[in-house]
Amino acid sequence: MGSSLLSWARRVGAPKGVLRLIALAVGAALVLSGCGEGANMLDPHGTGARDIATLFWVILWMAVGVFVVVEGILLYAVFRFRSTAGASLPRQVQGNTPLEIAWTIVPTVVLLGVLLATFTTMKAVASPVPNALEVTVTGHQWWWEFDYHQQGVSTAGELHIPVNTDVTLHVMSDDVVHNFWVPELDRKVQAIPGHDNIVPIHATTIGTYHGFCAEFCGLEHALMRFDVIVQSPADYAAWLAGQQAPPTPPATAQEKAGATAFTAHGCPICHQLGANKPAGFPHNGVLVRGPNLTHYGSRGIMAGGVMVNNAHDMQLWLADPNAEKPGNLMTIFINKGTLDAQTVQNLTAYLESLK
Ligand code: CUA
């Protein structure tokens, strides 16, 4: 719609300034709507996002109505009462009590309407639902952890939930303040260390939705992404069963060499594999932990959602993690040249085999 508006303006020969203004408005609309597949807050696929999008349109159309009325009266006055050559001074008026009461009451009523609609939406997107599937979401510099405590499953980067099901997320942080946001599913919610922030989430369409950290949290804030994968109940059950299974033992000689290298290079200090809980590594006053890798090979994305999970990307990552995601905390241990090419290949084969 934006580009057709622009081409229409060109056809009718609008001045350059007007064309620039339209181009700017179209660009701003695309940016502000968070354009892009799976991350458009005006294309809701969850009840929370739907309520928020509805509120946006209600307020937008109310504002359009106010704009049209006010500008209409203004333009009418400008043209109707403009001065003409030789005209005498118009009648001088001072104060108009009914008018002043009206333009105090009308905006008050309009703003009270906005306030009421906002409060109603805030309540709707904040109220926890009983008997929901509970998932604890923990923000880390710079990746997201998802723990299904009742199911005994812990994963990273990808939150799997069944469609048309009430889910309660307990959003927390392990280090600094983050902000958990899936534009097409629900509102933003802050991840604060030591504080359990609850957000209900209820997806209505099967699909993959992109999520972001929405609060500046350090060097890699913009590279702290995740996916929410909304599945049919059967697909979700199959995924859950796969996650609950013990890790796949290494089969080939290369995978076995990778498993040996995994331990030899201290990876289990930060990364969980099976039941072995990592101790974590003290850094800047917190115990740094990395993503649980028990079923790493079953994921579609890696490195905080910045890379695709395949052998090619994993080799790039292991060879020089700082080049792929500058400042990430794996660089405490692994930098360019730490692992030789053969070890990188062995580790990759092993990690990708962890389905
Ligand atoms: Cu985490 Cu920004």
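Residues numbered from 1 in each chain as written. Predicted model: local features only at pLDDT ≥ 70, side-chain atom pairs only at ≥ 80, totals over all residues. Heavy atoms only, no water.

A.B. asks: Would you explain the sheet that holds strand S4 (residues 158–162) in this entry?
C.D. replies: Strand pairing within a sheet occurs via backbone hydrogen bonds; the two strands may be parallel or antiparallel. The sheet built from 5 strands is open, its strands ordered S4-S10-S9-S6-S7 with mixed pairing. Two strands lie at the open edges of the sheet, namely S4 and strand S7 (189–191), each paired on one side alone. Ignoring which end each strand starts from, the neighbouring axes of this sheet average 25° apart. Strands in contact with helix H5 (residues 233–244) are S4 and strand S10 (225–231); relative to S4, the strand with the most contacts, it is inclined by about 135°. (Pairing = 2+ DSSP bridges. Helix = DSSP H or I, 4+ residues; strand = E, 2+ residues; numbered from the N terminus. Axes fitted to C-alpha atoms, helices over the stretch in contact; angles between N-to-C directions. Contact = heavy atoms within 4.5 Å.)

A.B. asks: Can you help me understand a nonpolar patch on the surface in this one?
C.D. replies: A surface patch of nonpolar side chains, amounting to about 680 Å² of accessible area, comprises Phe56, Trp57, Leu60, Trp61, Val64, Phe67 and Val68. Within the element layout of this structure, Val64 appears in helix H3 (residues 47–80). Taking relative accessible area as the criterion, Val64 reaches 31% and is therefore assigned partly exposed. (Patch = residues over 30% accessible without salt bridge, like charges linked within 9 Å, V, L, I, M, F, W, Y side chains within 5 Å. Areas by Shrake-Rupley, 256 points an atom, 1.4 Å probe, with all protein chains shown as cover. Salt bridge = Lys/Arg side-chain N within 4 Å of Asp/Glu carboxyl O. Buried < 20%, exposed > 50% of the residue type's maximum accessible area, 1.4 Å probe, protein only.)

A.B. asks: In this structure, what is going on with the pattern of salt bridges? I would like to understand it.
C.D. replies: Charged atoms that come close allow side chains of opposite charge to pair. Under the criterion given, the structure shown has 3 salt bridges. Across the salt bridge formed by Arg289 and Glu145, the nearest N and O atoms sit 3.2 Å from each other. On the criterion of sequence distance, the pair formed by Arg289 in the loop between strand S12 (286–288) and strand S13 (301–302) and Glu145 in strand S2 (residues 143–148) is long-range, its members being 144 residues apart. You can call Arg289 partly exposed: its relative accessible area is 26%. On the basis of relative accessibility, which here comes to 6%, the residue Glu145 falls in the buried class.

A.B. asks: Whenever I open this one, the side chain of His202 confuses me. Can you help?
C.D. replies: With respect to the secondary-structure elements, His202 resides in the loop between strand S8 (197–201) and strand S9 (207–213). With a relative accessible area of 18%, His202 lands in the buried category. A distance of 2.6 Å separates polar atoms of two side chains, one belonging to His202 and the other to Asp166. Once you skip the residues sitting within four places of it in the chain, His202 turns out to touch His45, Gly46, Thr47, Asn164, Thr165 and Asp166. (Polar contact = N/O pair within 3.5 Å; in protein donor to acceptor, adjacent residues only side chain to side chain.)

A.B. asks: How should the sheet that holds strand S5 (residues 167–173) be read in this particular structure?
C.D. replies: Read across the open sheet, the 5 strands follow the order S3-S2-S1-S5-S8; overall the sheet is mixed. The open sheet terminates on both sides in strands that have one partner only, identified here as strand S3 (153–156) and S8. On average, adjacent strands in this sheet sit at an angle of 25° to one another, irrespective of strand direction. Sheet contacts for H5: strand S1 (133–140), S2 and S3; angle to S3, the most-contacted strand, approximately 100°.

Distances and angles like these do not, on their own, reveal function.
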